[in-house]
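Structural overview for review
As a plain string of letters, each chain reads:
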Amino acid sequence: MRFTFLVAASAAAILSATAAAQTIDRDQALTDLRILSADDMDGRGTGTEGAERARAYISGRFEEIGLLPAFEDFEHGFTYQRQGASHDGINLVGYIEGTADSDTVMVVTAHYDHLGNCGGQICNGADDNASGVAALLAVAADFVANPPEHDIYFAALDAEEVGLRGAAALVEDFPVDLDRLALNINFDMLGYQEENELPAAGAFHYPFLRERVDRAAVADPVHIIQGYDSPEWGEHGDWTYSSDHGPFHRAGIPFIYYGVDFHQYYHQPTDEYEVMTLDFFLGATQTVLNAVRLFDSELDAVREDRDAARSARPTKPGMGQ
Ligand SMILES: [Zn+2]
């Protein structure tokens, strides 16, 4: 009996070691990056036909991967006000059901919109943020093949470049009660970095995330730098509200934002597939998959830590409540 038990235990250990070492489909990730940043997407400006073509491609990939629609279908339409006019945006949101007996969920985000046509040239936005969407697709595909413990939502967001509007709308209309949402992991710019440095922001606000981010396996050639989330990083170095994690943070949802620092191609027509550092992109995509795996396995503890941090927050004197 003991022998049988040992065999079963080591089989389980082998299975879990395999599950921890899932690898992304590198060819598919490069294909997604290349297609989403191609000229015929016309820079994916929100509200344009280019953005519509990008959406058709992404929802096709959601379908192919096997995500379930988070709304009536993958589309989450919203309106926002900007410069005295009303505009429409469309997020794409799918999810994977978790295997554990838990109602705690996570959301992985990456914006698919970019600047469109800038000054007569196409701003393709390969790094910003075809790279994040390609990584999101790679992570989603891996979780369909190896199911998560918790429900994970995957949101390709619109209207980030005009003020994080898609993220704000999704926080408003989130498919489940926000109390169940323990974490947002946001990808924005994973495609270009000469020094192989990948910042991970968020632990300044949610210190219980720091050790977990450190513990998630980092794939070559990437080095993680935790920070960029407090005033000490300077005027352009505090990214607390610089991308789609901002509206989640404002709603009290812990976040980790993975994305590179500003560079010479940032918001330029030269942000194209041809100049991406592809080894870094693939390493970063594998790294964020490892992180999402680790956070899925500890998501209930993250939620408890979140609630403990909320109740420990001192009430300001004279604030009424
Ligand atoms: Zn971006």
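Our structure's up above, just so we're on the same page.
Criteria and cut-off values
Residues numbered from 1 in each chain as written. Predicted model: local features only at pLDDT ≥ 70, side-chain atom pairs only at ≥ 80, totals over all residues. Helix = DSSP H or I, 4+ residues; strand = E, 2+ residues; numbered from the N terminus. Rg over C-alpha atoms; globule rule 2.2 N^0.38 Å. Buried ≥ 20, exposed ≤ 12 C-beta atoms within 10 Å, placed from the backbone. Contact = placed C-beta atoms within 7 Å. Pairing = 2+ DSSP bridges. Axes fitted to C-alpha atoms, helices over the stretch in contact; angles between N-to-C directions. Parallel < 35°, antiparallel > 145°, perpendicular 65-115°, else oblique. Left-handed = near helix turned anticlockwise from the far one by under 90°. Nonpolar A, V, L, I, M, F, W, Y, C, P; charged D, E, K, R; others polar. Arc of directions from axis to C-beta. Expected span 1.5 Å × (residues − 1).

Quick notes on the overall build of the protein
Counting its regular elements, the protein contains nine helices and 11 strands. In terms of overall dimensions, the protein is globule-like: its C-alpha atoms have a radius of gyration of 20 Å, near the 20 Å expected for 321 residues. Split into buried and exposed, the 321 residues of the protein put 48% on the buried side. Counting only contacts in the protein whose residues sit at least 6 apart along the sequence, the fraction spanning at least 24 positions is 81%.

Observations concerning the pairing of strand E11 (residues 255-258)
Neither face of E11 is open: one carries Phe255 and Tyr257, the other Ile256 and Tyr258, and all of them are buried. Pairing analysis gives four bridges linking strand E8 (residues 181-187) to E11, with the strands arranged parallel. Bridged to Asn186 within E11 is Tyr257.

Digging into the packing of helix H2 (residues 26-36) against helix H8 (residues 278-297)
In contact at an axis separation of 11 Å, H2 and H8 are set at 115 degrees when each is read in the N-to-C sense. As far as their axial angle goes, H8 and H2 are roughly perpendicular. At the point where H2 passes H8, the crossing takes the right-handed sense. Note on element contacts: H8 touches H2 through Leu278, Phe281, Leu282 and Thr285, opposite Arg26, Ala29, Leu30 and Leu33.

Here we look at the packing of H2 against helix H4 (residues 126-145)
The contact between H2 and H4 brings their axes to 8 Å, and the two run at 145 degrees. The way H2 lies across H4 gives a crossing that is right-handed. Across from Gln28, Ala29, Asp32, Leu33 and Leu36 in H2, the residues of H4 making contact are Ala126, Ala130, Ser131, Val133, Ala134, Ala135, Leu137 and Ala138. Partitioning the contact of H2 with H4 into residue classes produces 10 nonpolar, two polar and one charged.

What to know about the environment of Tyr266
Of note, Tyr266 is situated in the loop between E11 and H8. Tyr266 sits in the partly exposed class, given 15 other C-beta atoms within 10 Å. Considering only alpha carbons, one finds Tyr266 and Ala126, 140 residues apart in sequence, at a separation of 9.8 Å. Non-local contacts of Tyr266, meaning those with residues more than four positions away in its chain, are made with Asp128 and Asp271.

Concerning the environment of Ser311
Turning to its location among the elements, Ser311 is positioned in helix H9 (residues 299-312). Residues Ser311 and Trp239 lie 72 residues apart in sequence; the distance between their C-alpha atoms is 25 Å.

Observations concerning H2
Three or more residues of H2 are buried, namely Ala29, Asp32, Leu33 and Leu36. The buried residues of H2 occupy an angular sector of 95 degrees when the element is viewed end-on, so they sit on one face. Of the surrounding elements, those touching the buried residues of H2 are helix H3 (49-65), H4 and H8.

A word on H8
If you check H8, its first and last C-alpha atoms are 29 Å apart, about what 20 residues at 1.5 Å a residue would give, namely 28 Å. Summarising burial for H8: 16 of the 20 residues are buried, a large majority.

What to know about unusual backbone geometry
In this model, Asp128 is joined to Asn129 through a cis peptide bond whose omega is 5 degrees. The linkage connecting Asp220 with the following residue, Pro221, adopts the cis geometry, with an omega of 0 degrees. Inspection of the secondary structure assignment puts Pro221 in the loop between helix H6 (210-215) and strand E10 (223-226). You will see that Ala159, though not glycine, has its phi angle at about 55 degrees, which is positive. Position of Ala159 relative to the elements: it lies in the loop between strand E7 (151-157) and helix H5 (165-172). On the basis of neighbour counts, which here come to 28 C-beta atoms within 10 Å, the residue Ala159 falls in the buried class. In this structure, Asn196 takes a positive phi of about 65 degrees despite not being glycine.

These figures come from the coordinates and say nothing about function on their own.
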